[in-house]
Amino acid sequence: MAALLPHLPKRIRLTPSSSTQWICRTCQQRRAFTPSSTALQTQPPPRPSQDDNKTTHFGYETISSTLKASRVGAVFSSVASNYDTMNDLMSLGIHRIWKDNFVRGLNPGIRGERKEGQRILDIAGGTGDIAQRMLDHATLVNDDKRTHVTISDINPEMLAEGRKRFGNSPYRLAKRVDFLEANAEDLSAIESGSIDLYTVAFGIRNFTHKDVALREAFRVLKPGGVFACLEFTPQLSNPVLNGIYKRWSFGAIPLIGQVVAGDRDSYQYLVESIERFPSQGEFRDMIREAGFLIPGRNGVDEEGERMGVGQGWEDLSLGIAAIHKGVKPV
């Protein structure tokens, strides 16, 4: 299996516990049941409309949109100190391969003589692992010692973990990294047209209004700037593998959260938030609707798209995660 990892990074999930939760569509109350493999492969409750400004989803719950930011904040405050460890346990360390692939494909940094490097904004960057990879790649691969990363997160506890990561590192001493506590839906602290590369890894599914965040990404990027997102997907195309994946997700992750972090509920939410995220095609269309050009989409007809040609995203590990990109028109 280890020999396959470089070629097929996988996110694996475990068997569900003997009792889990579901939402009664009629009364909207949580019910306990003993899941079967058939039940786990059924679709989650319908997602609220993206245009609904009064309610939104928090995992499988429907809540007031004004409450979501605080509810998500409480989750990440709870998991912040164990976040990287938990990611390793939940994915058997393979999230690191996904992130390496994500950064390598973006190729941050600029070779040659230039007075200024790239300006990168890493949204929901909390613990700083993507920013660290960006700066390492720019410095070691492209010999660029000027590229700068702003790590932005709505959660102060997650940012505190990022500050610990960088500590007195050369990047921080050289003022190549800084931190911003901000909501991705309101980046008023960032000047319009000032960012070369906007990244968000495993964070956008937690946003209350993803369309608003995408428009803010469009605003802050320079013409020709790139939006890049690494995120889990709700369904695998292969139904057998999808069933195994769901059993791992709903069984193992909350259990690991309970054992390692003493917090089952937060990790139950993390699993449910993946289920409620748009499919690859739906999210690609949201990026396009925000004004971005989608790489690989030009000249592709419906038949070509069904064959996977120019689909506008890159699947990882059979579609467990995906990389999406958009380019702001020049």
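Bear in mind the structure is a predicted one, so any value in this text is a computation, not a measurement.

**Q** Please clarify how the overall build of the protein chain should be interpreted in this entry.
**A** The number of helices and strands found in the protein chain is twelve helices and eleven strands. Across the 330 residues in the protein chain, those meeting the buried criterion constitute 52%. Intrachain contacts of the protein chain at a sequence separation of at least 6 include 74% that bridge at least 24 residues. As displayed, the protein chain offers around 15400 Å² of accessible surface, 53% of which is attributable to carbon and sulfur atoms.

**Q** Looking at this structure, I do not really get the nonpolar core. What am I missing?
**A** Side chains that are nonpolar tend, in soluble globular proteins, to be buried together. One finds Trp98, Phe102, Met134, Ile151, Phe166 and Leu230 to be the most contacted residues of the largest nonpolar core, which totals 30 residues. If near-sequence neighbours (up to four positions away) are discounted, Phe166 is found in contact with Gly128, Ala131, Gln132, Leu135, Ile151, Tyr171, Arg172, Val177 and Phe179. Counting residues in each nonpolar core, the second largest holds 26 residues, with Ala184, Val200, Phe283 and Ile287 among its members.

**Q** Mind showing me how you'd approach the pairing of strand S10 (residues 313-316) here?
**A** Strand residues, when the strand is regular, have side chains that alternate between the two faces of the sheet. With four bridges connecting them, S10 and strand S11 (residues 321-327) associate as antiparallel partners. Bridged to Leu316 within S11 is Ala321. Connecting the antiparallel pair S10 and S11 is a turn made up of four residues, with Ser317 showing a positive phi of about 50°.

**Q** In this structure, what is going on with helix H9 (residues 239-261)? I would like to understand it.
**A** Note on helix geometry: an α-helix contains 3.6 residues per turn, so any two residues three or four positions apart are oriented the same way. Relative to the 33 Å expected for 23 residues at 1.5 Å per residue, H9 spans 32 Å between its end C-alpha atoms, a close match to the ideal helical length. Of all bends in H9, the biggest is about 25°, found at Ser249. N-cap assignment for H9: the residue whose side-chain oxygen lies 2.9 Å from the backbone N of Val240 is Asn238.

**Q** So what exactly am I meant to see when it comes to the packing of aromatic side chains here?
**A** The geometry of two aromatic rings is summed up by the distance between their centres and the angle between their planes. Summed over the entire model, instances satisfying the criterion amount to eight aromatic pairs. For the ring pair Phe166 and Phe179, a centre distance of 6.3 Å and an interplane angle of 70° mean the geometry is edge-to-face. Of this pair, Phe166 sits in helix H6 (residues 156-166) while Phe179 sits in strand S7 (residues 177-181), and the two are 13 residues apart along the sequence. Residues Phe166 and Phe179 agree in their burial class; the two are buried. Ring geometry for Tyr198 against Phe227: centres 5.5 Å apart, planes inclined by 35°, an arrangement best described as tilted. Here Tyr198, found in strand S8 (residues 195-201), pairs with Phe227, found in strand S9 (residues 221-232); they are 29 residues apart in sequence, far enough to count as distant. A connected cluster of aromatic rings, assembled from ring pairs, spans Tyr198, Phe218, Phe227 and Phe292.

**Q** Teacher, can you tell me more about the sheet that holds S9 here?
**A** Note: strands within a sheet are paired through backbone hydrogen bonds, in either parallel or antiparallel orientation. A sheet is described by the order of its strands in space; here seven strands give the open sequence S7-S6-S5-S8-S9-S11-S10, paired in mixed fashion. Either end of the sheet is taken by a strand with one partner, and the two such strands are S7 and S10. Mean inter-strand twist for the sheet, computed between neighbouring axes without regard to direction, equals 15°. Against the sheet, H6 touches strand S6 (148-153) and S7, its axis set at about 170° to S7.

**Q** Help me out: how do you make sense of the environment of Val220 in this one?
**A** Note on placement: Val220 falls in helix H8 (residues 210-220). Here Val220 falls in the buried class, since its relative accessible area comes to 0%. Between the C-alpha atoms of Val220 and Ala189, which are 31 residues apart in sequence, the distance is 9.9 Å.

**Q** I'm lost on the pattern of salt bridges in this one. Help?
**A** It is possible for side chains of opposite charge to pair when their charged atoms get near one another. Overall, the coordinates contain eleven salt bridges when judged by the stated rule. Note that Glu275 and Lys246 form a salt bridge whose closest N and O atoms lie 2.3 Å from each other. In this pair, Glu275 is assigned in helix H10 (residues 264-275) and Lys246 in helix H9, connecting sequence segments 29 residues apart. A relative accessible area of 1% means that Lys246 is categorised as buried. Salt bridges here are not isolated pairs; linked through shared partners, they connect Arg284, Asp285 and Arg288.

About the cut-offs
Residues numbered from 1 in each chain as written. Predicted model: local features only at pLDDT ≥ 70, side-chain atom pairs only at ≥ 80, totals over all residues. Heavy atoms only, no water. Helix = DSSP H or I, 4+ residues; strand = E, 2+ residues; numbered from the N terminus. Buried < 20%, exposed > 50% of the residue type's maximum accessible area, 1.4 Å probe, protein only. Contact = heavy atoms within 4.5 Å. Areas by Shrake-Rupley, 256 points an atom, 1.4 Å probe, with all protein chains shown as cover. Core = buried A, V, L, I, M, F, W, Y, C linked by side-chain atoms within 4.5 Å. Pairing = 2+ DSSP bridges. Expected span 1.5 Å × (residues − 1). Bend = angle between axes of the 7 residues up to and from the residue. Polar contact = N/O pair within 3.5 Å; in protein donor to acceptor, adjacent residues only side chain to side chain. Phe/Tyr/Trp six-rings, centres within 6.5 Å; stacked < 30°, edge-to-face > 60°. Axes fitted to C-alpha atoms, helices over the stretch in contact; angles between N-to-C directions. Salt bridge = Lys/Arg side-chain N within 4 Å of Asp/Glu carboxyl O.

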